[in-house]
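Structure at a glance
Residue-level listing of the chains:
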Amino acid sequence: MADFILKEKTRTFTGEITPPGDKSISHRAIILGSLARGKTRASGFLASRDTLATANAFRSMGVEVEIGAGRVEIAGNGLFGLEAPRKTIDAENSGTTARLLTGVLSAQSFRSTITGDDSLRRRPMSRVTVPLRSMGARISGEGEVLPLHITGSGLRGMDYRSPVASAQVKSAILLAGLYAAGRTSVTEPERTRDHTERMLRYFGVPVEMSGTRVSVSPGVEFSGTELEIPSDISSAAFFIVAALVNPGSEIMVKNVGLNPLRTGVLDILGEMGADISVENRRECCGESVGDLVARHGALRSVRIEGESVSRAIDELPVISVAACFAEGETVISGAGELRVKETDRISAMTGELSKLGAEIRETSDGMIINGTGELRGARCESRGDHRVAMSLAVAATRARGETVIGDAGCVSISFPEFFPLFETLVDPK
């Protein structure tokens, strides 16, 4: 898909949907399934460009990975069973693939190279290479960006205090720690999503957690298992906001992962006055799951800062759309991490929403949005960022006139079926 076109009409969003599986958990299912001994089967798997990059990386190292409709089966060779890849590993657009795999590759007995697309090759890798080198990893390259050349070596455990709150950094170090001599600990400035820790425990690997500190010990072989991957709350957020801002809308989003470190989007929208309820809450494979019901209603402005930012970092683009329809001025601060995603999401959302007539301006680490409740159709650009494209699609549902989103096909990075599913919920009046 090159462009996505949405013409002006009154819409309501109604019905039930089950978004695809959680992208973060899908990545980790392949990684830990590949390092386990024996078969791992996961239902609810998200087959997107990002997760397929992870699957192909492990295939290149001798792991059998079979992907079907909403499922994956991995024949793991054990912690020490990876083979030297015959060619450069391509992480494509996936920062999760690049960073977590760097942790794994640092401990192997072979040399490897990992690269990515133009966008990923501009994203910072020093946040993982610096601590991994402190563990004894031999990593070289031009600057602290991809491609990286990794010569596997014996690692030593360490107690690392991360200057950034990043689940990717934490996970890369913990994965390397599975091979290191001695215990490895990571302490973050604030807690980040803990899917790696939860899945390690589910596979039977001892993990110690205390506050913002997480520790693992080496040499624990583990076996394959059965997994159920819940729907991605980041994907659900687009439909939830669409329902909140379009009058007469009410939807149910089923089987959504409700990891408490991922539900910042629900807390923020709740502070804005959103009518969102959780039904059928349950536990599945170490993760909290439930069904979300979202109904249209009036929204009010809020300040989004501190821990709220890290717990909703991927959802801040679509939250900025909700803020366009909230009464008053919404301020997002402390979100400088948005500038080093697939694109500079602060610049992208302020620039593209401005084209639609939003009263929005960027700051060094966030955005200020004055909710006018009025948008107008225009041509916008996704800037190659899947979350920008989907957020603009939500904004376009309330824009007067026709809206065109350029390069909308980038949604395949995380949500290939977004636009067909989006249209199934639309009830044009």
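Residues numbered from 1 in each chain as written. Predicted model: local features only at pLDDT ≥ 70, side-chain atom pairs only at ≥ 80, totals over all residues. Heavy atoms only, no water.

**Description of the sheet that holds strand β24 (residues 379–381)**
Reading across the sheet, the three strands line up as β1-β26-β24 and stay open at both edges, with mixed pairing between neighbours. This sheet does not close on itself; its edge strands, each paired only once, are β1 (3–6) and β24. Within this sheet the neighbouring strands show an average axis-to-axis angle of 20 degrees, counted without direction. Two strands pair when backbone bridges link them, and β24 and strand β26 (residues 403–406) are joined in this way by three bridges, in the parallel orientation. When the sheet's bridge partners are listed, cysteine 380 is paired in β26 with isoleucine 405. Sitting on the sheet, helix α12 (residues 386–396) touches β1, β24 and β26, and the angle it makes with β26 is about 180 degrees. (Pairing = 2+ DSSP bridges. Helix = DSSP H or I, 4+ residues; strand = E, 2+ residues; numbered from the N terminus. Axes fitted to C-alpha atoms, helices over the stretch in contact; angles between N-to-C directions. Contact = heavy atoms within 4.5 Å.)

**Some remarks on the pairing of strand β7 (residues 111–115)**
Within β7, four of the five residues are buried, which leaves the element mostly enclosed by the surrounding structure. Both strand β6 (residues 89–90) and β7 contribute to a ladder of two bridges, which runs parallel. What sits directly across from isoleucine 89, in β7, is isoleucine 114. Sheet topology places β7 next to strand β9 (residues 148–151); four bridges connect them, and they run antiparallel. Of the residues in β9, the one forming a bridge with serine 112 is isoleucine 150. (Buried < 20%, exposed > 50% of the residue type's maximum accessible area, 1.4 Å probe, protein only.)

**Some points on the pattern of salt bridges**
Under the defined criterion, the tally for this structure stands at 34 salt bridges. The shortest N-O distance in the salt bridge between aspartate 22 and arginine 262 comes to 2.9 Å. Of this pair, aspartate 22 sits in the loop between β2 (11–17) and α1 (23–35) while arginine 262 sits in the loop between β15 (250–257) and α8 (264–271), and the two are 240 residues apart along the sequence. Like aspartate 22, the residue arginine 262 is buried in the burial classification. The partner of glutamate 250 in a salt bridge is arginine 295, with the nearest N and O atoms 3.5 Å apart. You can see glutamate 250 sitting in strand β15 and its partner arginine 295 sitting in strand β17 (residues 287–295), a full 45 residues away along the chain. Residue glutamate 250 is classed as partly exposed on the basis of its relative accessible area of 40%. With relative accessibility at 26%, the residue arginine 295 sits in the partly exposed group. Within the structure, one salt-bridge network assembled from shared partners comprises Arg123, Arg193, Asp314, Lys341, Glu342, Arg345, Asp385 and Arg387. (Salt bridge = Lys/Arg side-chain N within 4 Å of Asp/Glu carboxyl O.)

**What to know about the layout of surface pockets**
The probe, sized like a water molecule, is rolled over the atoms to show the empty space still left. Space inside the largest pocket adds up to approximately 640 Å³. If you go around the largest pocket, you meet 37 residues; those closest to its centre are Ala167, Ile313, Asp314, Glu337 and Lys341. Of the residues contributing to the lining of the largest pocket, the split by class is seven nonpolar, 13 polar and 17 charged. (1 Å grid on protein atoms, 1.4 Å probe; cavity = no way out; pocket = protein on both sides within 12 Å on 5 of 7 lines; lining within 4 Å. Points joined across faces, edges and corners; volume = space filled by probe spheres on them. Nonpolar A, V, L, I, M, F, W, Y, C, P; charged D, E, K, R; others polar.)

**Observations concerning the side chain of serine 310**
Relative to the helices and strands, serine 310 resides in helix α9 (residues 307–310). At a separation of 2.7 Å, a polar atom in the side chain of serine 310 contacts the side chain of glutamate 190. Other than its neighbours up to four places away in sequence, serine 310 contacts Glu190 and Arg191. (Polar contact = N/O pair within 3.5 Å; in protein donor to acceptor, adjacent residues only side chain to side chain.)

**Some details on helix α7 (residues 233–245)**
Over its 13 residues, α7 extends 18 Å from the first C-alpha to the last, a length consistent with the 18 Å expected when each residue adds 1.5 Å. Extensive coverage of α7 is indicated by the burial of 13 of its 13 residues. Structurally, the start of α7 carries an N-cap: the backbone nitrogen of serine 234 is 2.8 Å from a side-chain oxygen of aspartate 232. (Expected span 1.5 Å × (residues − 1).)

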